[in-house]
Amino acid sequence: MLCLSLIFLSTLLLHGAPQVLTDPFEIVNLTAPDGSAMANFIPLGAAATNLWVKDKNGRFRDILLGYDNLTMYETDPNHPNFGPVVGRYANRIRNGTFTIPISKDASGPNKFQVPKNENNGTNSLHGGYFGYDRRTWSVAKRTSSVVTFTLVDPAGEQGFPGTVIAAVTYELKAKATWKISMEAVATEKTPIMLSGHHYWNLEAYEETSDLIGHFAQFDASRVIATDGHLIPTGDLLDTPGTPLDFRVAKSIGVSINTTEGKDYCGTDCVGFDNCWIYDGNDGRQPAFSVWSINSGIRIDVVTNQLALQVYTCNGIFNASQPIPRKASHGGPSLFYKKHSCLVVEQESWIDAINNPEFGVNQIYEPGRPYSWGSTYIFSVQEFS
């Protein structure tokens, strides 16, 4: 049975769904009913710009990276994707091509070409030059603790077939819980893979500016193998016995230091930028956990997704165009540095539309809506 937001999207689709103009930088403030968390969002990219939760001393910290100058979300040449919804297809597409029905590396008929906006025109990333992160979403619903943004993505935009109408709902609930729901409907067969692209530092850059004190644990014994440009090859790698194994909790920063020479995040790169496949995620218990031993802030994520991409900010620092930290992170005279933050994208298997051997169907059409859901539960980590 379709939920109300999907019924709403389907109704919009049938009636042409005019795009409502919205100020891209209008700040939407949300507060949990019990005051345990606060967050800010903007319509540009339906992006989360700030999120405050309490540390071990009961003091609020803003643990999301971003900009104080909101216009930078639109104009920053580095384009790090701070906090938006990414789509129509998150992550990378080999050669910017795919076929419907899908075929290995788009070798079949009915081929589509989308922008090759990464690696000197080698592949597509996060939906092309004008992905969902660069669009102004409409505010469809708004209360003190909930906001729903909607977006009309016309057929042919960035080369994708079919019109897609998408919605994302952000809700702050009691006990510092952040629920995110993304849904979409399409007029014809088209690939859809959405995700939230949030950069985290659970210390808000107060104690340290590295990830040594950040620990993670998640059950994933396989990673999607990629080439030097992080494009999936169709193979899987086993994580046991490697730095990729986080089935037992360990320091992310220490693990980064063990990746040198392994090219996990691309040729000659140190760090992680990989897609882990969850082992038996049931969508009811936390599939991913991360915490800081310094601030005490912990996140447990319950999700309906099959996999997660973890990026350890390997390339966030550009010496010629450094990104100033927010004031809440000690900026603007200080900058976001390499390996000082973490992106965690709950999503499906990356580039499955070019790897039919994965057996993951990411082609959506009328009668088959898209649904993504993740709940972020914040707490204070107890240490013995």
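The present account deals with the structure reproduced in this document. Small disclaimer: the values here were computed from a predicted structure and weren't measured. Numbers given to residues run from 1 along each chain, matching the order in which its sequence is written. Note on the predicted model: pLDDT of at least 70 is required for a residue's local features to be given, and 80 or more for side-chain atom pairs to be given and counted; whole-chain, interface and lining totals, by contrast, use all residues. Side-chain metrics in this entry use all non-hydrogen atoms of the structure; hydrogen atoms and water are not considered.

**Notes on the pairing of strand β12 (residues 164-173)**
Turning to step 1, where the next piece is worked out: Burial analysis of β12 places eight of its ten residues in the buried class, the great majority of the element.
Turning to step 2, where the next piece is worked out: Strands are labelled as partners when DSSP assigns at least two bridges between them. Helix and strand assignments follow DSSP, with helices taken as H or I runs no shorter than four residues and strands as E runs no shorter than two, numbered in order from the N terminus. Pairing between strand β11 (residues 146-153) and β12: eight bridges, direction antiparallel. Along β12, the bridge assignment pairs V152 with I165.
Turning to step 3, where the next piece is worked out: Summarising the sheet, β12 and strand β13 (residues 177-186) pair through ten bridges and their orientation is antiparallel. Note that in β13 the partner of T169 across the bridge is S181.
Turning to step 4, where the next piece is worked out: In sequence, β12 turns back onto β13 through a hairpin of three residues, with K175 there showing a positive phi of about 60°. For every residue, the accessible area obtained with a 1.4 Å probe (protein chains only) is divided by the maximum for its type, and the residue is called buried under 20%, exposed over 50%, and partly exposed between those limits.

**A look at the nonpolar core**
Turning to step 1, where the next piece is worked out: Residues belong to one nonpolar core when they are buried, are Ala, Val, Leu, Ile, Met, Phe, Trp, Tyr or Cys, and are joined through side-chain atoms within 4.5 Å. One finds F41, Y170, W178, W200, W276 and F378 to be the most contacted residues of the largest nonpolar core, which totals 61 residues.
Turning to step 2, where the next piece is worked out: Counting 21 residues, the second-largest nonpolar core is a separate cluster that includes A90, I224, I277 and I363.

**Looking at the pattern of salt bridges**
Turning to step 1, where the next piece is worked out: Here, a salt bridge means any Lys or Arg side-chain nitrogen found within 4 Å of an Asp or Glu carboxyl oxygen. Per the stated rule, a full pass over the model turns up 17 salt bridges.
Turning to step 2, where the next piece is worked out: As a salt-bridge pair, D55 and R61 come within 2.9 Å of each other at their nearest N and O atoms.
Turning to step 3, where the next piece is worked out: Classification of D55 by relative accessible area gives buried; the value is 1%.
Turning to step 4, where the next piece is worked out: Among the salt bridges present, the one from D245 reaches R247, with a minimum N-O distance of 2.9 Å.
Turning to step 5, where the next piece is worked out: Assessed through its relative accessible area of 15%, D245 is described here as buried.
Turning to step 6, where the next piece is worked out: Among the ionic contacts, a cluster of salt bridges with common partners joins D55, R59, R61, E206 and E207.

**Section: empty space enclosed by the protein**
Turning to step 1, where the next piece is worked out: Here a cavity denotes a set of grid points, spaced 1 Å apart and computed over the protein atoms alone, in which a 1.4 Å probe fits but from which it cannot get out, and a pocket denotes an open set meeting protein on both sides within 12 Å along at least five of seven lines; residues with an atom within 4 Å of a point are reported as lining. Grid points are joined across faces, edges and corners, and a volume is the space filled by probe spheres set on the points. A complete count under the given rule lists two cavities of 30 Å³ or more for this structure.
Turning to step 2, where the next piece is worked out: Of the voids in this model, the largest cavity is the one considered here, and its volume is about 100 Å³.
Turning to step 3, where the next piece is worked out: Counted as a void, the second largest cavity has a volume near 40 Å³.
Turning to step 4, where the next piece is worked out: Lining the second largest cavity are A216, F218, F246, I252, W276, F288, V310 and L342.
Turning to step 5, where the next piece is worked out: In the scheme used here, Gly and all other residues not listed as nonpolar or charged are polar, with Ala, Val, Leu, Ile, Met, Phe, Trp, Tyr, Cys and Pro taken as nonpolar and Asp, Glu, Lys and Arg as charged. Residue composition of the lining of the second largest cavity, by class: eight nonpolar, no polar and no charged.

**Brief notes about the sheet that holds strand β4 (residues 60-62)**
Turning to step 1, where the next piece is worked out: With antiparallel pairing, four strands are arranged side by side in an open sheet as β1-β2-β3-β4. Looking at the sheet topology across the chains shown, the edges are occupied by β1 (28-31) and β4. Neighbouring strand axes in the sheet, compared pairwise and without regard to direction, differ in orientation by 20° on average.
Turning to step 2, where the next piece is worked out: When strand β3 (residues 47-54) meets β4, the two strands line up antiparallel, connected through three bridges. The partner of V53 across the bridge, within β4, is R61. As a rule, the C-alpha atoms of each element are fitted with a line to give its axis, helices using only the stretch in contact, and angles between N-to-C directions run from 0 to 180 degrees.

**What to know about the environment of Y132**
Turning to step 1, where the next piece is worked out: Structurally, Y132 can be placed in the loop between β9 (123-125) and β10 (138-142).
Turning to step 2, where the next piece is worked out: Through-space distance from the C-alpha of Y132 to that of G87 is 5.1 Å; in sequence the pair is 45 residues apart.
Turning to step 3, where the next piece is worked out: Between two residues, a contact is recorded if the distance between any of their heavy atoms is within 4.5 Å. Y132 has contacts with G45, V85, V86, G87, R88, W137, L151, D153, V164, A166 and L194, leaving out every residue within four places of it along the chain.
Turning to step 4, where the next piece is worked out: Whenever two N or O atoms come within 3.5 Å, that pair is a polar contact, provided that in protein one can donate a hydrogen and the other can accept it, and provided that, for residues adjacent in sequence, both atoms are side-chain atoms. A distance of 2.8 Å separates the side chain of Y132 from the side chain of D153, its partner in a polar contact.

**So, the sheet that holds β12**
Turning to step 1, where the next piece is worked out: Strand order in this open sheet of nine strands is β10-β11-β12-β13-β27-β23-β22-β17-β20, and the pairing throughout is antiparallel. Among the strands making up the open sheet, the edge pair consists of β10 and β20 (250-251).

**Considerations on the packing of aromatic side chains**
Turning to step 1, where the next piece is worked out: When the centres of two rings from Phe, Tyr and Trp lie within 6.5 Å, Trp using its six-membered ring, the rings pair. Their planes under 30 degrees apart give stacked, over 60 give edge-to-face, and anything left gives tilted. Using the criterion set out here, one finds 27 aromatic pairs in the structure.
Turning to step 2, where the next piece is worked out: Note on W178 and W200: the rings are 6.4 Å apart at their centroids and 70° apart in plane angle, and the pair reads as edge-to-face. Here W178 is found in strand β13, whereas its partner W200 is found in strand β16 (residues 199-200), with 22 residues between them in sequence. Comparing W178 with W200, the two get one shared label, buried.
Turning to step 3, where the next piece is worked out: Residues F272 and W276 carry aromatic rings whose centres are separated by 5.9 Å and whose planes lie at 55° to one another, so their mutual orientation is tilted. Across the pair, exposure class does not vary: F272 and W276 are buried alike.
Turning to step 4, where the next piece is worked out: In this structure an aromatic cluster arises from ring pairing among F41, F149, Y170, W178, W200, Y376 and F378.
Turning to step 5, where the next piece is worked out: Sitting over the ring of F317, K337 keeps its end group 5.1 Å from the ring centre. Our definition puts a charge over a ring when NZ of Lys or CZ of Arg is within 6 Å of the ring centre and also within 35 degrees of the ring normal.

**Considerations on unusual backbone geometry**
Turning to step 1, where the next piece is worked out: In this chain, G87 is followed by R88 through a cis amide linkage whose omega measures 5°.
Turning to step 2, where the next piece is worked out: Tracing the backbone shows R88 in the loop between β5 (85-86) and β6 (92-94).
Turning to step 3, where the next piece is worked out: The peptide bond linking I100 to P101 adopts the cis configuration, its omega dihedral lying at 0°.
Turning to step 4, where the next piece is worked out: The topology assignment puts P101 in the loop between β7 (97-99) and β8 (111-113).
Turning to step 5, where the next piece is worked out: A positive phi angle is found at N81, which is not glycine, with a value near 65°.
Turning to step 6, where the next piece is worked out: Position of N81 relative to the elements: it lies in the loop between α2 (72-75) and β5.
Turning to step 7, where the next piece is worked out: The class of N81 is buried, set by a relative accessible area of 9%.

**Some words on the layout of surface pockets**
Turning to step 1, where the next piece is worked out: Estimates place the volume of the largest pocket at around 800 Å³.
Turning to step 2, where the next piece is worked out: R92, E118, L125, D273 and Y311 are the residues nearest the centre of the largest pocket, which is lined by 32 residues in total.
Turning to step 3, where the next piece is worked out: Residue composition of the lining of the largest pocket, by class: ten nonpolar, 17 polar and five charged.

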